Amino acid sequence: MSKNCSTLYAEYLEKVVPSLRLKTIIRREIRDGHFRVKPRILVLISESRGRTDYVRLVCPVMMNEAMDDTATFCIPKLIYGSATSPTISERVFKYFNLSILVSREKIDDVSFRSLKRLKRAHPEIPIIVDIDDDLFAIDNSHPEYNYYKARLATLKELIELSDSVVASTNKVLDGIKNAGCIPNDATVIPNFLDSRLWGPANCTTPSHHNSDNETIRILYSGTETHDADLRLLQEPLKRAIKRVRAATGKKLSMTVVGGSSTKIPGMEIIRVPDEKRDYPLYAEWVQSMPRFDFAVAPLDLSNKLNHAKSYLKYLEYSAMGLPSIFTRIEPYEQVVDNGVNGILVSDNSTKEWEDAIFSLSVDNERRYNMSLKCREDVLSNHLLRNHYGEWAHLITRLT
């Protein structure tokens, strides 16, 4: 596992360059042993150097094993049309078919102004914008509302400037259209699980591992913006802990990896170390933790953003062999057959959450059978390696 995650991450970092010159491309081609006469060039503009876009763009696009005719690079900043030396040389535009990729509104103002100038000078260069959240639905209950509200004008301009918009879900695409943005071209490409990071070689095979253990361990993992989601479980978890103790004499504990920046009663909050925040290193780290018994993924139904989310947690939990409990909401309804490969809780009912947690805590056989089903589903239907062609086809079509 360590070698796969670390190697993939190192290979990506080698694609991050301060600027793109003809010699940069030639040297990369020679070093990689491709010897392609005229490869397509795809450039991701990312102020975070791609670190916040690993699932959506780095794994499926920058490290796409089906794009044999495309060389991919990431530049942190785009400078074009000013007195400063451009970050992409004119010789690159002249000799190669080039396309540019941007994640949502995550482009700084200097790069955005340069992108507009570049598009005016080179209208033939396709610009692709990938959007993985319905940001137009965000309201003031969201902890990052003020930041995103200020960036929506940029996102609208990016959509207007783009030749193609890629959305992670149909709901995200609907949100874009409902906001009055009509993309020139629109495609939905879901999130998939990268087996180079999560399995099958890296996946833990389900087992009857905890029948004699004194503690049943629950996992929640996510970014540190899910306080409202997690607080939905405070009362049902408290009740389930008492019921499990009374029924089995065992302890029930819940570990939150990331998830919240504040303490939540009844939950152990583990901060993701700074050196593990990049996605491949995070995947490696969370899978190396002591074995959990099952996982949870509550979503606050009053948060409009949640209705357009993808089912990424289902993919990750299932790859780890963990049966899981989810809020009944469209993202999870797409993949979870209630009671078979997961449990869906309607309307975030406190009683349903309590009963679901209790059920998976005391029924080892049910956990085991459910973990087999969810892991089988992911390995059969949701692996990135079987869907590389969706991004490859898009890039080829546009260039």
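To be clear, the structure that these remarks concern was listed above.
Since this is a predicted model, take the numbers as computed values, not measurements. (Residues numbered from 1 in each chain as written. Predicted model: local features only at pLDDT ≥ 70, side-chain atom pairs only at ≥ 80, totals over all residues. Heavy atoms only, no water.)

Draft legend 1. Inspection of the pairing of strand β10 (residues 294-297) at higher detail. Covered by surrounding structure in β10 are Phe294 and Val296 together with Ala295 and Ala297, the residues of both alternating faces. Sheet topology note: the strand β7 (residues 215-222)/β10 ladder contains two bridges and is parallel. Note that in β10 the partner of isoleucine 218 across the bridge is phenylalanine 294. Bridge count for β10 against strand β11 (residues 324-327) is three bridges, and the pairing is parallel. Following the sheet pairing, alanine 295 is matched in β11 by serine 324. Chirality of the crossover, the property in question, places the unit of β10, helix α11 (residues 312-319) and β11 among those that are right-handed. (Buried < 20%, exposed > 50% of the residue type's maximum accessible area, 1.4 Å probe, protein only. Helix = DSSP H or I, 4+ residues; strand = E, 2+ residues; numbered from the N terminus. Pairing = 2+ DSSP bridges. Right-handed = clockwise from strand over helix to strand, strands pointing away.)

Draft legend 2. How the structure looks around the sheet that holds strand β8 (residues 251-258). Here we have six strands laid out as an open sheet, ordered β9-β8-β7-β10-β11-β12, and parallel in their pairing. Since the sheet does not close on itself, it has two edges, and those belong to β9 (267-270) and β12 (343-345), each with one partner. Strand after strand, the sheet turns through a mean of 25 degrees between neighbouring axes, direction not considered. (Axes fitted to C-alpha atoms, helices over the stretch in contact; angles between N-to-C directions.)

Draft legend 3. Main features of the packing of helix α13 (residues 350-362) against helix α14 (residues 364-381). Closest axis-to-axis distance for the α13/α14 pair is 5 Å, and the angle between their directions is 95 degrees. Considering the angle they form, α13 stands roughly perpendicular to α14. Taken together, the residues of α14 that come into contact with α13 (itself represented by Ser359, Leu360, Ser361 and Val362) are Asn364, Arg366, Arg367 and Met370. When the residues that make up the contact of α13 with α14 are grouped by side-chain class, the tally is three nonpolar, three polar and two charged. (Parallel < 35°, antiparallel > 145°, perpendicular 65-115°, else oblique. Contact = heavy atoms within 4.5 Å. Nonpolar A, V, L, I, M, F, W, Y, C, P; charged D, E, K, R; others polar.)

Draft legend 4. Geometry of the pairing of β11. Because side chains alternate across β11, one face comprises the buried residues Ser324 and Phe326, and the other comprises Ile325 and Thr327, equally buried. Judged from the three bridges that link them, β11 and β12 form a sheet pairing that is parallel. Pairing of threonine 327 across the sheet is with valine 345, part of β12.

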